[in-house]
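# Results of the structural survey
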Amino acid sequence: MRKKRFCKPVMVLALLMIGQSVCSHVSAENSSPFQVSKETVQISGKVFNAKDNTPLENVTVKVVGTKKGTTTKTDGSFSITIERGQSLEFSSVSMISKTVSKPEGRGDLVVALQESENNLSEVLVVAYSSQKRSSFTGSLSTVKNSAIESAPNASVQESLQGNVSGVQSTNGSGQPGGVPNIRIRGIGSINASATPLYVIDGIPVVSGDISGLNSNTIAGLNANDIQSLTILKDASATSLYGSRAANGVVLITTKNGKPGKTKVNLTYQQGTNDYNIRNEQKTLNSAEYLQYYKEGWVNSGKSLSSFDSLLTANSISKTIDTDWFKEVLRQGKYSQYNMNVSGGNDKSTYFISGSYYKSEAPQKAVDYDKATYRMNLSTQITNRWSIKGGFSGNFQRSSNFLGGSFFGNPIRAMYRLAPWLPVYKSDGQTYDLSYNSGYNPVAVQETTNRNAKTYNINANASTSYKIMDGLTYEGSFALDFNHAFRSIYYDPRVGNANVAVGGVIENFTQDITNWIATNIIRYKKEFKGEHSVEAFAGYEAQRRDDVDLTLRVNGIAPGTTTAAGGSSPDLTTGTGTGNRLLSKFLNTNYSFKDRYFFSGSVREDASSRFAKNFQSAVFWSIGAGWNISNENFFNVDWINELKLRGSYGYTGNQGIDNFESQGLYSAGSDYNFSSGLSISQLANDNLTWEKNIPLDLGLDFALIKGKLSGSFDWYSRTTSNLLVSQSIPSVNGVTSITVNNGAMKNSGVEISLSSVNIAPSNPKGFKWVTDFNFTKNKNVITKIDSLFSNNGAYFRRVGRDYYTHYQRGYAGVNPDNGEALWYTKDAKDSTTNVFTTGLPRLAYGSALPKFYGGLTNTFSYNNFKLSFQVYVFWGNTIYDEYGYLQKADANPGFSDQSNGLSKYEYGRRWTQPGQITDVPKPVFLGTQSGGQYESSRFLYDGSYIRLRDVTLSYSLPKATLAKAKINTARIYLRGQNLFTYVKDKRYNTDPEVGIDGVMSQRPPVFRTFLFGVDITL
Amino acid sequence: MKKISSIAILGIILLASCQKDFLDNRPQQSVFTEDVFSSMPTARAAVNGLYSLMQSYSYYGRDAMVIPEVISDNMTRSVRTGNRYTGMNTMTHTATDANISRMWNQMYQVVTNANAIIANEEKLKTIITPLQQEEFGQLIGEAYAVRALAYFDLAKFFARPLKHTADGSHLCVPLVLKPITKVDEVVYPARNTAAEVYAQIDKDLAEAIKRLPATGNVYNSGAINNSFFKIRMNRWGTLALRARVAIFKEDWPTAVAASTEVINSGKYSLFTYGSMAQDFRTPNNNESIFEVTNNSNDNPGTDSYAYLSSQGGYGELLGTSAAMNSKSTGTTLTTFKGLYDSYTPTDVRRQFVALGDRNSLGGEKNVPLCLKYTNIVTYLENIKVMRIAEMFLSRGEALARLAVLNNDAASLTASLVDINRIRKSRDTASSTRPFAASLLATPPTGSIRATALLDSIIVERRKEFALEGQRIFDLNRTKTSYVKINSAGNAASRLIQYTATTSTYYYRTILPIPVTQVQNNPKMVQNEGF
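Residues numbered from 1 in each chain as written. Chains lettered and ligands numbered in written order. Predicted model: local features only at pLDDT ≥ 70, side-chain atom pairs only at ≥ 80, totals over all residues. Heavy atoms only, no water.

### Observations regarding the overall build of chain B
Counting its regular elements, chain B contains 19 helices and 13 strands. A compact globule built from 530 residues would reach a C-alpha radius of gyration of about 24 Å, and chain B, at 26 Å, matches this within 12%. The principal-axis extent of the C-alpha atoms belonging to chain B is close to 115 × 55 × 45 Å. A buried classification covers 62% of the 530 residues belonging to chain B. A separation of at least 24 residues holds for 69% of the contacts in chain B among residues at least 6 apart in sequence. Roughly 18,600 Å² of accessible area belongs to chain B as shown, and the carbon and sulfur atoms make up 55% of that amount. Computed over 57 positive and 46 negative side-chain charges, the separation of the two mean positions in chain B equals 2 Å. (Helix = DSSP H or I, 4+ residues; strand = E, 2+ residues; numbered from the N terminus. Rg over C-alpha atoms; globule rule 2.2 N^0.38 Å. Buried < 20%, exposed > 50% of the residue type's maximum accessible area, 1.4 Å probe, protein only. Contact = heavy atoms within 4.5 Å. Areas by Shrake-Rupley, 256 points an atom, 1.4 Å probe, with all protein chains shown as cover. Lys, Arg positive; Asp, Glu negative; His and termini not counted. Charge placed at Lys NZ, Arg CZ, Asp CG, Glu CD.)

### Some thoughts on the overall build of chain A
A tally of helices and strands in chain A yields 12 helices and 50 strands. Rg of the C-alpha trace for chain A: 31 Å, near the compact-globule value of 31 Å for 1017 residues, within the 12% margin. The C-alpha extent of chain A, read off along each of the three principal axes, is 110 × 70 × 60 Å. Across the 1017 residues in chain A, those meeting the buried criterion constitute 59%. Taking the intrachain contacts of chain A between residues at least 6 apart in sequence as the baseline, contacts between residues at least 24 apart amount to 70%. Summed over all atoms, the accessible surface of chain A reaches about 39,200 Å², with 55% contributed by carbon and sulfur. Charge separation in chain A, taken as the distance between the mean sites of 104 positive and 83 negative side-chain charges, equals 4 Å.

### Description of the pattern of salt bridges
Residue and element names in this part refer to chain B. Considering all chains together, one arrives at 77 salt bridges over all chains under this definition. With its nearest N and O atoms 2.7 Å apart, the salt bridge here joins Arg232 to Glu142. With Arg232 in the loop between strand S4 (223-224) and helix H9 (235-249) and Glu142 in helix H7 (residues 133-158), this residue pair connects regions lying 90 residues apart in the sequence. On the basis of relative accessible area, Arg232 is assigned to the buried category, the value being 3%. One salt bridge in this structure joins Arg211 and Glu207, with 2.6 Å as the shortest N-O distance. Pair noted here: Arg211 and Glu207 are both in helix H8 (residues 194-211), with a separation of four residues, about one helical turn. When salt bridges with common partners are traced through the structure, they connect Glu287, Asp347, Arg349, Lys372, Arg387, Arg423, Arg426, Glu460, Lys463, Glu464 and Glu468 into a single cluster. (Salt bridge = Lys/Arg side-chain N within 4 Å of Asp/Glu carboxyl O.)

### Re the interface of chain A and chain B
One widely used convention gives an interface's size as the accessible area the parts lose upon coming together. Listed as interface residues are 89 residues of chain A and, on the opposing side, 84 residues of chain B. It is Tyr665(A), Tyr671(A) and Val731(A) that lose the most area in chain A upon contact with chain B, and together they represent 12% of the buried surface on that side. Examining the composition of the side of chain A that touches chain B, we find that 14 residues originate from one element, strand S26 (residues 566-592) of chain A, more than from any other. Counted by class, the side of chain A that touches chain B contains 40 nonpolar, 41 polar and eight charged residues. Taken together, the three bridges between strand S30 (residues 664-666) of chain A and strand S1 (residues 30-32) of chain B define a ladder with antiparallel strand orientation. Bridge pairing links Leu664(A) to Phe32(B) in S1(B). (Buried area = accessible area lost by both parts, 1.4 Å probe. Nonpolar A, V, L, I, M, F, W, Y, C, P; charged D, E, K, R; others polar. Pairing = 2+ DSSP bridges.)

### Details of the side chain of Asp153(B)
Residues and elements named next belong to chain B. Inspection of the secondary structure assignment puts Asp153 in helix H7. For Asp153, the side chain forms a polar contact with the side chain of Tyr59, separated by 2.7 Å. Excluding its chain neighbours within four sequence positions, the residues that come into contact with Asp153 are Tyr59, Tyr60 and Met107. (Polar contact = N/O pair within 3.5 Å; in protein donor to acceptor, adjacent residues only side chain to side chain.)

### Notes on the nonpolar core
Most often, soluble globular proteins keep nonpolar side chains buried together rather than apart. The biggest cluster of nonpolar side chains holds 233 residues, and the ones touching the most others in it are Phe894(A), Met54(B), Tyr60(B) and Phe158(B). Those residues within four positions of Phe894(A) in sequence are excluded, and the remaining contacts are Tyr289(A), Tyr293(A), Phe307(A), Leu310(A), Leu311(A), Asn314(A), Ile316(A), Trp420(A), Phe924(A) and Arg80(B). Of all hydrophobic cores here, the second largest spans 23 residues; its members include Ile148(A), Ile184(A), Ile218(A) and Ala478(A). (Core = buried A, V, L, I, M, F, W, Y, C linked by side-chain atoms within 4.5 Å.)

### A closer look at a nonpolar patch on the surface
Residue and element names in this part refer to chain A. There is a patch of nonpolar side chains on the surface, built from Leu586, Val602, Val618, Trp620, Ile622 and Tyr648 and spanning about 500 Å² of accessible area. No other element matches the three residues that strand S28 (residues 616-627) contributes to the nonpolar patch. The topology assignment puts Ile622 in strand S28. (Patch = residues over 30% accessible without salt bridge, like charges linked within 9 Å, V, L, I, M, F, W, Y side chains within 5 Å.)

### Here's the deal with the sheet that holds strand S41 (residues 831-832) of chain A
Residue and element names in this part refer to chain A. If you walk across this open sheet you meet the three strands as S39-S40-S41, and the pairing is antiparallel. Two strands bound the open sheet, and with one partner strand each, they are strand S39 (810-813) and S41. Where strand S40 (residues 820-823) lies against S41, two bridges are found, and the strand directions are antiparallel. The residue bridging Tyr823 from the neighbouring strand is Thr831, located in S41.

### Some points on the side chain of Lys463(B)
Relative to the assigned elements, Lys463(B) resides in helix H16 (residues 450-465). Among residues more than four places away in sequence, those in contact with Lys463(B) are Ser342(B), Tyr343(B), Asp347(B), Arg349(B) and Arg423(B).

### Topic: the sheet that holds strand S45 (residues 877-880) of chain A
All names here are of chain A. As summarised here, the arrangement of the three strands in space is S46-S45-S49, forming an open sheet in which the pairing is mixed. Of all strands in the sheet, those bounded by a partner on one side alone are strand S46 (939-941) and strand S49 (998-999). Taken together, the two bridges between S45 and S49 define a ladder with parallel strand orientation. Bridging across to S49, Asp880 finds its partner in Met999.

### Some details on the packing of H7(B) against H8(B)
All names here are of chain B. Between H7 and H8, whose axes approach to 8 Å, the crossing angle comes to 160°. By the angle between their axes, H7 is roughly antiparallel relative to H8. You can see that H7 and H8 cross each other, and the crossing is left-handed. Counted together, Gly137, Gln138, Ile140, Gly141, Tyr144, Ala145, Arg147, Ala148, Tyr151, Phe152, Ala155 and Lys156 of H7 and Val197, Tyr198, Gln200, Ile201, Asp204, Leu205, Glu207, Ala208 and Arg211 of H8 form the full contact between these two elements. Tallied by class, residues from the contact of H7 with H8 come to 12 nonpolar, four polar and five charged. (Axes fitted to C-alpha atoms, helices over the stretch in contact; angles between N-to-C directions. Parallel < 35°, antiparallel > 145°, perpendicular 65-115°, else oblique. Left-handed = near helix turned anticlockwise from the far one by under 90°.)

### Overview of the pairing of strand S2 (residues 60-63) of chain A
All names here are of chain A. Side-chain alternation along S2 places Val61 and Val63 on a buried face and Thr60 and Lys62 on a face that remains uncovered. As judged from the three bridges shared by S2 and strand S3 (residues 69-71), these two strands associate in the antiparallel manner. Pairing of Thr60 across the sheet is with Thr71, part of S3. Counting the residues in the hairpin turn of S2 and S3 gives five residues, including Gly65, whose phi is positive at 85°. Pairing between S2 and strand S5 (residues 88-91): four bridges, direction antiparallel. Opposite Val61, over in S5, you have Phe90 as the bridge partner.

### Some remarks on the confidence of the model for chain A
Here chain A averages 87 in pLDDT, and 94% of its residues register 70 or above. Under a pLDDT of 50 for its full length, residues 1-36 of chain A has, in the predicted model, 49 contacts with residues more than four places off or in other chains. (pLDDT = per-residue confidence, 0-100.)

This is the structure in structure tokens:
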């Protein structure tokens, strides 16, 4: 009842405002009388996009030095009266502004605007607004459409890698459509969410995995629908998102139609997916395996002659040689189809798109596909009143297997199963299920079904009404609805656990309803042509509700695949949760003579997640910019643009569970079908936001007539009041409490550069452009008041970075006897050959890189274009979580699942005294090498350099196309992750692992090679 | 313009007024702590929650049943196994062992949930109707009984037995008795002494018996419900626990009195010889006094005791046999008697450790399998915590101890009745040769000395409660040395001498305080030797 009450007033207001606007706009129209003072000229003309000659609407046409101006209509036309001798400036979102000096009123003025690349006249999409880069005091990065469009990535997040500074984008696995780890300017949180906020067309959307099978809601967005993608990084840029801005914001705007002829775009791509696993990275074949164990047998003090009887006793076949890599892997297929239609007239525009994307991982039965649909409409009802609506839907489907240490994980089996195990019994067609607890990986792949389907509907409507000159009202309402359905089928015959219960069918469904209503009043005014003020104030309500249901049955009837086929119920459960956020915000920008810029913003958020006394908090930012190149005294030929900027502020993080501040008893403690409750959480009446204080200093520049442009940023962000799970004595009934405790600092440098190295004299000439970005971030824990639990591979210590690996120190191999050596002290200066589990854990490197960056070179000549991107990720450490079980030095004896040694390591094993190596000798049933225990032996240098993207394209000559009534056509070959250099030779899979630097028997990131066609009709 | 501004103002007022309601968000699968004891349904659910916590595989669901066996001479692990109990099986377990830490956490969770119920007795009293008086007594009484059980388990696993020092002054576990609901109430307690902990257990048992319905009836959801009779702590379960505690305290008269009350309740009877193997696994069987239920909603799956035991599951737990010891290289280990070998061929209980092959490539052949819990389809085998057989054996032992202490022949005779009752019902062959014992230094032919009878009773307990999580505690309280088989195939065994206090193995007959508990609590002292 009370809890279900919908907060109607917010919407009612929006509707009232719309209605009211209709009534009042008539009287306000044409209110300013036409005045003539000096000699005037009537200028009319049209503005086009230089790239494709399409008309540009909404281009601001401003009389230089005055406040007078107009905007172009949908057909690009404009008309304005100026005094003779005045100049006109044309500017628009993501176009380079152009000034036409002293136009004469003869004939139509034709103006072609270039699309901008990172320069000061570029108009940026920022929080709740758009703004010229020259006046923006914050730090953000925009990603070029060319980097996103037609990339073979399932999600646009993956396309961030290497294309933008300050954003660490890593794929945890090679599962298409999975959730990549995105961190903007380092790790800002310990237990609270460290992922950025995603805002699509003004709607903070649901991000992450909602099906429980590593499916990514953001991947549902069709990359070809994206008009602009902006990463907001510092206080000035993000603080308007208040309590959710601490980890940065990814702002995505989708495409709209443009007035003019209907445009049809078609894209088709087809290709293949393969793993980059070299032979020496693979595990041993039977001959190598038996040789290795034979040495282990002898090393354990047994006679060589007794080895054969040992094989017999352990039922080990010398003749079987299964290549598990071959059994588990395949060549995957990739294809993508995309079509969009856009156009409009001077009042209305439309954009409609549809796409289908399909990618099969190079691992058998790991598939992903999605279909998307989008429609964006806008119409100008009157000169003052416009309305926009968007509707998009997408459907994603992915299938995968259990991961990590589960027997049912084929990747685990691939690395660990011994080669002497047969796939089939002697009849050649019945699965041999006598090993790996019955999880024969081939049988698993052929019988298991783990599918996730996610659906998203995003509907939004907004209206804008110009109340008077300079004052506009905007109201919008948006719904982001996500539905996930997971279905799992484990065959009753495969896997001991499944055999025992007669098979498993599990269905899970989740609905996430997320709505947001926003009202904004905007004010814009210029005074005396020198002072300019832009301000807006808003009120926003957001509510998210989640419900889910899980149903699991056992005893599956043959041939059935739904829950009805189960004979015994196993689990039925469902949960529901939600959170609310109510906000007021204000933003002001002031500029003086286009030289000095000041900005400030305030937002008050009230969140249902925090304790009553701390529900509301105020976030703010201030920023300043100085456009040095606009100063009269500044007159340096080769510096065309130079701007200094800085910002400082306070943002928050409320990324914790919805009821984390409350004392709770949770259900689910049922007993004998009778409901039960037990303590699950202690109340923390003082729990509040994480406090994030970002400071940014930046320099934007364009040199040598814009041939070299870019920006430098130095930043620091301190997070205090960290929302952490603090471990307490479990005599208190819970093992941890959530408190605000500790502080962390990220600081770093970001560089992005664009350089036109060779500019052609004519459009068909040879052109060479280089884009470069570089990021160096340092994370350090600055304060911890009490002990955090030391999580697995990491200990958290003041002065160290968050992902510092702590492991028992492996000191290599004693050359005299092949025994492993261990460090006994932090200083790593003394060793022992006695392995014990009590060896001290020493600090090693961090999972976070020292630096990363991307370098893209684009060459074009005539109709050919070649671009390639090199991505560098350097100075991090990777821990192989299951290495100690795989590379057990024959210590467990014959085991069906410890064939983890790579051929490279096999070649380096210790075999004779004096040999210097890092792979100890095998000892059958030995313990000395610590082979079954975690240690720094399984830490690897994760540095790598990757040829991430290569595209070679050819645009068909226009003349040829004209006959076929085709505007443009482009064919291309594109390759992704074609070649990777890994610094550490011992490392035996793809080096791209999750943010935490843990390699965990996951499917590795793969290589895609494709052929594509883009056509515009 | 005016209209617009007035509407905007109105709108802002509307928005402001909806703020309070809008942010009032309530959880859907949880209840705010302050609301739990404001109504009977939630209070009842909180009591059910206690048992649900005991179902966990970190408590009776598995670990509290397996650890006392795998650490003793009853059980070992197969060479084909996962990583569970590696340390305990070789007596090298450490304070970082995750199973140990989870068990500690789980037991204290039971304690703290019971604390909350006990502390809200007065509050609940104000909301009950006169008709709910008896049920109310049961709910609070249960919380006391369950807390006593949890503290007793904590004391057995994590500390030396009470009689380790004469006055029980050695360290046991921290006593936390007050409810903790907010972060500023979090405690960092020191360990109490064994004497203090056992005193608290006795007190809790007395409080429980005072409140629990004298009929032993169990209410569920407001009405007497017989299907909960054996799966929640009632009067008889509490008395059975008192008897068990008394045995560990060597308080023989109390042990006799409490077990007698349970036996005389007439609610329980021994299995028949022919049906024991089947009936043991049956939920709510005749012998069961207290068991922790298990149904399709609790399905512990691969984490269950049954899955770990059954050859259809992981099957990595094995019983011990003399044949395993013969592979040993040690010379002092000849005293070893495997669990399997402790039974006569006609002993019905031997079926629980029948010989079989390990269902895994390269696994052991013809070894004792663990078959007390084997259902890995529905898991409907309720874990048996206390059985009537224990009451007979405990009374028998207490009487025998009293007989020896007081040179009391009548007690000895009464003891033999109890012990032989078990022997006869389990073994057809031995029914012809029941124990006879004498207090004389030289017993007559056909009799053994009363002191030897005491050892035989411990052996009888081993046979009766094999795989039921009791063995190590019987060894510890009687300060008995034993031989531990490390691994069924790897042929390493070691002698664990209780008196050899310098041996690291001696220290490891109990568990360490989990390392996290020592790290995050400055007052927490680690057990010796860890």
